[in-house]
Amino acid sequence: MSDAERRAEEAALQKKLIPLADYRALLGGEEKLSDWLMVDQAMIDTFADATIDHQFIHVDPARAKAEAPFGGTIAHGFLTLSLLSRLAFDALPGVERTRMGINYGFDRVRFMNPVKSGVRIRGRFKLVDLTERAVSLQSAWDATIEIEGAVKPALTAHWITLAVLSPPEE
């Protein structure tokens, strides 16, 4: 990613910041949906290279079609999980005064349905818990990654994020 692309992404993030009072109102409210995102073979191959996981069900379309029960290659489960960050960026606002966001962890992750190469996915997020501290905000999300046209989601997770906040101005 170029410096210009990074600056544009940062500017887009800044536009999505909302006051803490508005963020609190998300707790227990309606779900937020991301845009659809294509998971193609190039993305899967790049992830395989990054993680040194080149199992044929991910990177060999001919062999996967012949030998695996999925009809072709599938995304790594951890690729699907890692896309939560991108999908959340599309769907969720941030909080004003946020200096940085951190993945705090997961209480639960379940891989429900493989993501086949060439399909689109999207994230569905519901804020279910919020812990406020002096300079941080811990958010717990029920997160689902849906596969376009599929009844069963790719994954469900209870995801915890942390926003590190600048001190309030006095």
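These figures come from a predicted structure and were not determined experimentally.

Pairing geometry for strand 2 (residues 32-33) and strand 6 (residues 119-133), over two bridges, is antiparallel. Looking across to strand 6, one finds that K32 is bridged to F125. Where strand 3 (residues 37-39) meets strand 6, three bridges bridge the pair, whose relative direction is antiparallel. Paired with M38 across the two strands is R120, which belongs to strand 6.

What follows covers the environment of L155. Position of L155 among the secondary structure elements: in strand 8 (residues 155-165). Apart from residues lying up to four places away in sequence, L155 is in contact with T80, L81, L84, R110, F111, M112, A143, T144 and I145.

The next thing to look at is the nonpolar core. Formed by 33 residues in total, the largest nonpolar core has its most connected members in Y23, L84, I121, F125 and L137. Elements represented by at least two residues in this core include exactly helix 2 (20-24), helix 3 (41-51), helix 6 (77-82), helix 7 (84-91), strand 6, strand 7 (136-147) and strand 8. Those residues in contact with L137 that lie beyond four places of it in its chain are L20, Y23, V95, L130, T131, E132, T161, L162, A163 and L165.

Okay, helix 3 next. Inspection of helix 3 places Q41, I44, F47 and A48 among the buried residues, and these make up the whole buried set. Buried residues in helix 3, looked at end-on, bunch into an arc of 125°, giving them a common side. Exposed and facing more than 90 degrees away from the buried side of helix 3 are T46, D49 and A50. Each element contacted by the buried residues of helix 3 is listed here: strand 3, helix 4 (56-59), helix 5 (61-67) and helix 6.

About the criteria used
Residues numbered from 1 in each chain as written. Predicted model: local features only at pLDDT ≥ 70, side-chain atom pairs only at ≥ 80, totals over all residues. Heavy atoms only, no water. Pairing = 2+ DSSP bridges. Helix = DSSP H or I, 4+ residues; strand = E, 2+ residues; numbered from the N terminus. Contact = heavy atoms within 4.5 Å. Core = buried A, V, L, I, M, F, W, Y, C linked by side-chain atoms within 4.5 Å. Buried < 20%, exposed > 50% of the residue type's maximum accessible area, 1.4 Å probe, protein only. Arc of directions from axis to C-beta.

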